[in-house]
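Residue-level structure breakdown
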Amino acid sequence: MSAAEIVEIAVVGFAAGVTSGMLGVGGGIVFVPGLVFVLALSQLSAEATSLLAIVPVAIVGAWRQRGYGNVRLRAGLVLGLLSPIGVVGGAELANVLCTSPVP
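Right, let's walk through the structure included here. (Residues numbered from 1 in each chain as written. Predicted model: local features only at pLDDT ≥ 70, side-chain atom pairs only at ≥ 80, totals over all residues. Heavy atoms only, no water.)

1. Quick look at the layout of surface pockets
In this structure, the second largest pocket spans a volume of roughly 180 Å³. Around the second largest pocket, the lining residues are Ile54, Val55, Ala58, Ile59, Ala62 and Trp63. Looking at side-chain class alone, the lining of the second largest pocket contains six nonpolar, no polar and no charged residues. (1 Å grid on protein atoms, 1.4 Å probe; cavity = no way out; pocket = protein on both sides within 12 Å on 5 of 7 lines; lining within 4 Å. Points joined across faces, edges and corners; volume = space filled by probe spheres on them. Nonpolar A, V, L, I, M, F, W, Y, C, P; charged D, E, K, R; others polar.)

Right under this line is the structure:
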């Protein structure tokens, strides 16, 4: 990886963080397009990278909010255990919709 690529990655990450912090929206609004257009990743790779980048942020956020008493652990565990079912169902639905012929 070249120095220019590292700088480009840092700029995309910084812009995504600033946008997320200021507007309260996910950094994916900047992060995914930045990975696609600046770093020439495929859409699938950019989305997967964005999802992976969320994991440490979510862990730190949950840990901090638990310290403030804002986390309902039981509800979070139920959602976490049931979400893979929704993920598989959503992926299957997307595959069906994306591969069906357009009239």
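Continuing now.
2. Some words on a nonpolar patch on the surface
Nonpolar side chains collect at one region of the surface, where Phe14, Val18, Met22 and Leu23 lie side by side and expose about 470 Å² of accessible area between them. Assessed through its relative accessible area of 60%, Phe14 is described here as exposed. (Patch = residues over 30% accessible without salt bridge, like charges linked within 9 Å, V, L, I, M, F, W, Y side chains within 5 Å. Areas by Shrake-Rupley, 256 points an atom, 1.4 Å probe, with all protein chains shown as cover. Salt bridge = Lys/Arg side-chain N within 4 Å of Asp/Glu carboxyl O. Buried < 20%, exposed > 50% of the residue type's maximum accessible area, 1.4 Å probe, protein only.)

3. Some thoughts on the nonpolar core
Val12, Ala16, Phe31, Val32, Leu35, Val36 and Ala46 form the largest nonpolar core, which has seven residues in total. Considering every element that reaches this core, the biggest residue donor is helix α2 (residues 28-37), with four residues. Residues in contact with Val32, not counting those within four places in the same chain, are Gln43, Ala46, Glu47 and Ser50. (Core = buried A, V, L, I, M, F, W, Y, C linked by side-chain atoms within 4.5 Å. Helix = DSSP H or I, 4+ residues; strand = E, 2+ residues; numbered from the N terminus. Contact = heavy atoms within 4.5 Å.)

4. Comments concerning the packing of helix α1 (residues 3-23) against α2
Running from N to C, α1 and α2 point in directions that differ by 160°, and their axes come no closer than 8 Å. Taken together, α1 and α2 sit at an angle that is classed as roughly antiparallel. Remark: the crossing between α1 and α2 carries right-handed chirality. Taking contact as the criterion, the partners of Val12, Ala15, Ala16 and Thr19 in α1 are, on α2, Val30, Phe31, Gly34 and Leu35. (Axes fitted to C-alpha atoms, helices over the stretch in contact; angles between N-to-C directions. Parallel < 35°, antiparallel > 145°, perpendicular 65-115°, else oblique. Left-handed = near helix turned anticlockwise from the far one by under 90°.)

5. With respect to the environment of Ala3
Mapped onto the elements, Ala3 comes out in helix α1. In this structure Ala3 comes out as exposed when scored by relative accessible area, which is 59%. Along the primary structure Ala3 and Val55 are separated by 52 residues, whereas in three dimensions their C-alpha atoms are 26 Å apart.

6. Describing α1
In this model α1 runs 30 Å from its N-terminal to its C-terminal C-alpha over 21 residues, within 8% of the 30 Å that 1.5 Å per residue would give. Among all positions in α1, only Val12, Ala16 and Thr19 are buried. One side of α1 holds all its buried residues, which, seen down the axis, span an arc of 70°. Across α1 from its buried face, at more than 90 degrees, point the exposed residues Ala3, Val7, Val11, Phe14, Gly21 and Met22. Where α1 is buried, its residues contact α2. (Expected span 1.5 Å × (residues − 1). Arc of directions from axis to C-beta.)

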